[in-house]
Amino acid sequence: MKLIHGGDVVGYREEYGREPLDFSANCNPLGMPPGVKAAAAAALEEAHRYPDPLCRQLRAAIAQEEGLPPQWILCGNGAADLIFRLVLALRPRRALLVAPAFAEYEQALATIDCLVVFHDLREEEEFRLTDAILPQITPETDLLFLCTPNNPTGWAIPRELLLRIARRCRETGTVLALDECFCSLLDEPEAFTMTGFLEEFPNLIILKAFTKLYAMAGLRLGYCLCREEGLLEKMAACAQPWSVSNVAQAAGIAALQEQAYREQTKTLIHSQREFLRRELTALGVQVIGSQANYLFIRTDLPCLGQRLKERGILLRSCANYRGLDERYYRLAVRLPEENACLLQEMRGLVAAGKGTP
């Protein structure tokens with residue numbers, strides 16, 4: 001089986017027999033909050049029972065956090081689960097995707113008979129999304145996936161542009177699926193999220209996850225927000241029974257109480273992201289976008305990913321993203337000592353490339 005994402009720590013252990021320093025997966029470097037771990041462990045006492053298939057307590061907690069009715073919320077086994085459910089519920093005949101972007105949208109659409117059209121982001125515009133996408137949203141476009149900030153580029157889509165896109169989708173009858181899984185890791189997420197516009201746009205569905213912010217990748221927990229309850233019911237009908245475990249539900253409820261942890265994360269990510277940006281730029285590496293907890297880089301250092309892998313460091317090669325090649329990488333913002341280790345190895349590779357002993 002060919003893997004299309006980063007975070008393959010098990011594969012690295014099997015190949016090298018040691019633990020890597022993983023910059024290929026963009027999870028919170030602080031790790032799962034202790035309160036979340038405790039809640040997950042306590043929930044094991046109820047693991048002999050089926051979990052609540054409606055996630056009632058979790059949805060109530062999310063509703064309070066988001067300021068939305070619980071009936072506008074659907075929980076899933078990670079955001080990827082909800083992406084597949086949305087595609088199965090809508091069964092679009094024609095979908096529009098941005099490239100490069102998260103591979104799961106195209107992978108989900110490949111499971112049905114759907115024509116996928118791509119809007120290619122331009123390298124000369126630093127892969128930013130612009131108004132140029134608007135003419136491609138037509139009455140024949142059943143579904144549009146967008147990601148803010150985009151993965152892998154890290155560019156957050158300005159709200160004014162998102163509003164123009166949402167209005168265009170409303171005119172054409174297009175469902176706009178907006179992936180905000182990294183939005184909470186922006187410096188000012190409230191300036192970019194579209195949760196306040198769900199009432200205005202019934203064709204808008206927002207995807208979120210606990211994975212990145214709370215370092216809960218292994219627990220698998222995501223949710224989506226939509227005013228159109230009929231669509232959520234269709235998505236719920238596309239799920240396997242009991243798709244969200246009681247452990248994940250308990251962990252999610254606890255995570256929403258971690259205000260101090262969120263503030264600590266925001267401070268760490270901002271300072272270390274800008275530190276990495278400066279140091280990588282000084283090494284001659286081009287840093288593009290990178291507004292969240294990861295950096296999108298372009299470098300002419302040959303075989304950078306493989307050479308760092310041999311030194312115990314994993315980067316996410318972007319060569320398998322549509323429109324990119326082996327010069328592009330994505331790397332997570334991690335703890336100061338881990339970031340220093342990455343930079344030390346990269347300095348050595350740059351020096352070796354220049355013939356410095």
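Our structure's up above, just so we're on the same page.
It should be emphasised that the depicted structure is a prediction, and the values quoted were computed from it without experimental measurement. (Residues numbered from 1 in each chain as written. Predicted model: local features only at pLDDT ≥ 70, side-chain atom pairs only at ≥ 80, totals over all residues. Heavy atoms only, no water.)

Draft legend 1. How the structure looks around the sheet that holds strand β9 (residues 286-288). Across the sheet, which stays open at both edges, the 4 strands sit in the order β9-β10-β13-β12 with antiparallel pairing between neighbours. Two strands bound the open sheet, and with one partner strand each, they are β9 and β12 (316-317). For β12 and strand β13 (residues 328-332), the ladder comprises 2 bridges, and the chain directions are antiparallel. When the bridges of β13 are listed, serine 317 appears paired with tyrosine 329. Across the face of the sheet, helix α9 (residues 259-282) comes into contact with β9, β10 (294-298) and β13 while running at roughly 15 degrees to β10. (Pairing = 2+ DSSP bridges. Helix = DSSP H or I, 4+ residues; strand = E, 2+ residues; numbered from the N terminus. Contact = heavy atoms within 4.5 Å. Axes fitted to C-alpha atoms, helices over the stretch in contact; angles between N-to-C directions.)

Draft legend 2. A look at the layout of surface pockets. Within this model, the largest pocket holds a volume of roughly 880 Å³. What lines the largest pocket is a set of 36 residues, among which Ala25, Cys27, Thr211, Lys212 and Ala217 lie closest to the centre. Secondary structure elements with two or more residues in the lining of the largest pocket: β1 (21-22) and α4 (79-90). Among the elements that take part in the lining of the largest pocket, α4 stands out by supplying 3 residues, more than any other. Here the residues of the lining of the largest pocket sort into 17 nonpolar, 10 polar and 9 charged. (1 Å grid on protein atoms, 1.4 Å probe; cavity = no way out; pocket = protein on both sides within 12 Å on 5 of 7 lines; lining within 4 Å. Points joined across faces, edges and corners; volume = space filled by probe spheres on them. Nonpolar A, V, L, I, M, F, W, Y, C, P; charged D, E, K, R; others polar.)

Draft legend 3. Here's a closer look at the sheet that holds strand β3 (residues 94-99). The strand order across the open sheet formed by 7 strands is β2-β8-β7-β6-β5-β3-β4, and the pairing between neighbours is mixed. The two strands at the open ends of the sheet, each matched to only one other strand, are β2 (73-76) and β4 (115-120). On average, each strand axis in the sheet is inclined to that of its neighbour by 20 degrees, with strand direction left out of account. As defined by bridge partners, strand β6 (residues 175-179) adjoins strand β7 (residues 204-209) across 4 bridges and the pair is classed as parallel. The residue of β7 that forms the bridge with leucine 176 is leucine 204. Along the sheet, helix α3 (residues 56-66) contacts β2, β7 and β8 (222-226); its crossing angle with β2, the most-contacted strand, is approximately 125 degrees.

Draft legend 4. Broad picture of the packing of α3 against helix α8 (residues 246-255). Taken N-terminus to C-terminus, the directions of α3 and α8 make an angle of 20 degrees; their axes are 9 Å apart at the nearest point. By the criterion of interaxial angle, the relationship of α3 to α8 is roughly parallel. Considering the relative orientation of α3 and α8, their crossing is left-handed. Across from Gln57, Leu58 and Ala61 in α3, the residues of α8 making contact are Gln249, Gly252 and Ile253. Class assignment of the residues belonging to the contact of α3 with α8 gives a composition of 3 nonpolar, 3 polar and no charged. (Parallel < 35°, antiparallel > 145°, perpendicular 65-115°, else oblique. Left-handed = near helix turned anticlockwise from the far one by under 90°.)

Draft legend 5. Region of interest: the packing of aromatic side chains. The full count for this structure, using the stated rule, is 11 aromatic pairs. Between the aromatic rings of tyrosine 12 and tyrosine 16, the centroid separation amounts to 4.5 Å while the plane-to-plane angle is 20 degrees, which identifies the pairing as stacked. Taken together, the positions of tyrosine 12 and tyrosine 16, both in helix α1 (residues 9-16) and 4 residues apart, correspond to about one turn of that helix. Here tyrosine 16 falls in the partly exposed class, since its relative accessible area comes to 23%. Between tyrosine 50 and tryptophan 242 the ring centres are 4.2 Å apart and the planes differ by 20 degrees, which places this aromatic pair in the stacked class. In this pair, tyrosine 50 is assigned in the loop between α2 (34-43) and α3 and tryptophan 242 in the loop between α7 (229-237) and α8, connecting sequence segments 192 residues apart. Looking at tyrosine 50, the relative accessible area reads 63%, which means it is exposed. Of the aromatic side chains, those joined through ring pairs into one cluster are Phe210, Tyr214, Tyr223 and Tyr261. It is arginine 128 that lies over the ring of tryptophan 155; its NZ or CZ is 3.6 Å from the centre. Note that arginine 322 overlies the ring of phenylalanine 118, its terminal NZ or CZ placed 3.7 Å from the centroid. (Phe/Tyr/Trp six-rings, centres within 6.5 Å; stacked < 30°, edge-to-face > 60°. Buried < 20%, exposed > 50% of the residue type's maximum accessible area, 1.4 Å probe, protein only. Lys NZ or Arg CZ within 6 Å of the ring centre and 35° of its normal.)

Draft legend 6. Summary view of the pattern of salt bridges. Counting across every chain of the model gives 25 salt bridges. Close ionic contact of aspartate 52 with arginine 56 constitutes a salt bridge, the shortest N to O distance being 3.0 Å. One salt bridge connects aspartate 325 with arginine 327, and the closest N-O pair in it is separated by 2.7 Å. Assessed through its relative accessible area of 24%, arginine 327 is described here as partly exposed. (Salt bridge = Lys/Arg side-chain N within 4 Å of Asp/Glu carboxyl O.)

Draft legend 7. Focus on the environment of serine 245. Along the chain, serine 245 falls in the loop between α7 and α8. Taking the C-alpha atoms as reference points, serine 245 and arginine 277, separated by 32 residues in sequence, lie 39 Å from one another.

Draft legend 8. Region of interest: the environment of leucine 185. Here leucine 185 shows up in the loop between β6 and β7. The spacing of leucine 185 and phenylalanine 102 is 83 residues in sequence and 17 Å in space, taken between C-alpha atoms. Once residues lying within four places of it in the same chain are set aside, the contact partners of leucine 185 are Lys212, Leu213, Thr265, Ile269, Arg273, Gln291, Ala292 and Asn293.

Take it as geometry only, folks, not as evidence of what the structure does.
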